[in-house]
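Results of the structural survey
Given next are the chains, with one letter for each unit.
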Amino acid sequence: QVQLVESGGGLVQAGDSLRLSCAASERTFSSYHMGWFRQAPGKEREFLAISRSGGSTSYADSVKGRFTISRDNAKNTVYLQMNSLIPEDTAVYYCAADRNSWAITTMRGEYWGQGTQVTVSS
């Protein structure tokens, strides 16, 4: 059982930056693919980015160039650096972990965090 805890959300203004963290309880964290997702009110959950265990990353077109996913295997933590935030980025942000990368990109990850709220004011 992998426990994931997101942190770093909050209220910011448009144009600001924010870094989210997702800490995992799993000692074999480095073997997991990690993803970030978000869900805005009234909308479906959306895939944002994946950090694969081998080191590669991929992004949704909606955040490419503004968001950066990274991981620190020594700290069992994955990050999401969000720059140039806009009000449309307002959502609950979740991280997920799975040993299969397709499960992350298709939002079928086995383990999920509880989410952290990000609110961007105009």
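Preceding block: the structure.
Residues numbered from 1 in each chain as written. Predicted model: local features only at pLDDT ≥ 70, side-chain atom pairs only at ≥ 80, totals over all residues. Heavy atoms only, no water.

**Examining the pairing of strand β3 (residues 18–24)**
Consecutive side chains of a regular strand alternate in pointing toward one face of the sheet and then the other. Our working definition: Per-residue accessibility, obtained with a 1.4 Å probe over protein chains only, is compared with the maximum for each type, and a residue is labelled buried under 20%, exposed over 50%, and partly exposed between these values. Think of it this way: any DSSP run of H or I at least four residues long counts as a helix, any run of E at least two long counts as a strand, and we number them from the N terminus. Pairing between strands is defined by DSSP: at least two bridges between them are needed.
Counting buried positions along β3 gives five out of seven residues, so the element sits mostly inside the fold. Two strands pair when backbone bridges link them, and strand β1 (residues 4–7) and β3 are joined in this way by four bridges, in the antiparallel orientation. Bridge assignment links Glu6 to a residue of β3, and that residue is Cys22. Examined bridge by bridge, β3 and strand β8 (residues 77–82) share six bridges and lie antiparallel to one another. Each residue of the ladder has a partner; that of Leu20, found in β8, is Leu80.

**What to know about the state of the cysteines**
The condition is simple: In plain terms, two cysteine sulfur atoms within 2.5 Å form what is called a disulfide here.
Per the counting criterion, the structure on display carries one disulfide. Disulfide pairing places Cys22 opposite Cys95 at an S-S distance of 1.9 Å. Negative torsions about the S-S bond denote left-handed disulfides, and the value of about 60 degrees found for Cys22 with Cys95 makes this one right-handed. Placement of the pair is Cys22 in strand β3 and Cys95 in strand β9 (residues 91–98), with a sequence separation of 73 residues. For Cys22, a relative accessible area of 0% gives the class buried. Residue class for Cys95 comes out buried when judged on its relative accessible area of 0%.

**Here's the deal with the nonpolar core**
As a reminder of what qualifies: Residues enter a nonpolar core if they are buried and are Ala, Val, Leu, Ile, Met, Phe, Trp, Tyr or Cys, with the set joined through side-chain atoms within 4.5 Å.
Within the largest apolar cluster, 34 residues are counted, with the highest numbers of intra-cluster contacts made by Leu4, Trp36, Leu80, Met82 and Tyr93. Those elements that provide at least two residues to this core are β3, β4 (33–39), β5 (46–51), β7 (67–72), β8, β9 and β11 (116–121). No other element matches the five residues that β9 contributes to this core.

**Some thoughts on the packing of aromatic side chains**
Keep this limit in mind: Under the pairing criterion, centres of Phe, Tyr and Trp rings, with the six-membered ring standing for Trp, must be within 6.5 Å; the plane angle then separates stacked pairs below 30 degrees from edge-to-face pairs above 60, leaving the rest tilted. Geometrically, a charge over a ring is one whose NZ (Lys) or CZ (Arg) sits within 6 Å of the ring centre while staying within 35 degrees of the ring normal.
In this structure the tally under the stated criterion is three aromatic pairs. Pairwise contacts between aromatic rings join Phe37, Phe47 and Trp112 into one cluster. For Arg45, the ring lying beneath its charged end belongs to Tyr94, and the centroid distance is 3.9 Å. The lysine or arginine in question, Arg45, covers the ring of Trp112, its NZ or CZ lying 4.7 Å from the ring centre.

**Examining the sheet that holds β3**
Think of a sheet as strands paired side by side through backbone hydrogen bonds, with each pair either parallel or antiparallel. Where we set the bar: To obtain an axis, a line is fitted to C-alpha atoms, over the contacting stretch when the element is a helix, and the angle between two such axes runs from 0 to 180 degrees between their N-to-C directions.
Pairing within the open sheet is antiparallel, and its four strands lie in the order β1-β3-β8-β7. The two strands at the open ends of the sheet, each matched to only one other strand, are β1 and β7. Between one strand and the next, the sheet's axes are offset by a mean angle of 15 degrees, whatever the strand orientation.

**Quick look at the pattern of salt bridges**
Pairing is possible between side chains of opposite charge, provided their charged atoms come close. Rules: Salt bridges are defined by distance alone: a side-chain nitrogen of Lys or Arg within 4 Å of a carboxyl oxygen of Asp or Glu.
Counted according to the given criterion, the structure contains four salt bridges. It is possible to trace a salt-bridge network through shared partners that takes in Arg38, Glu46, Arg66 and Asp89.

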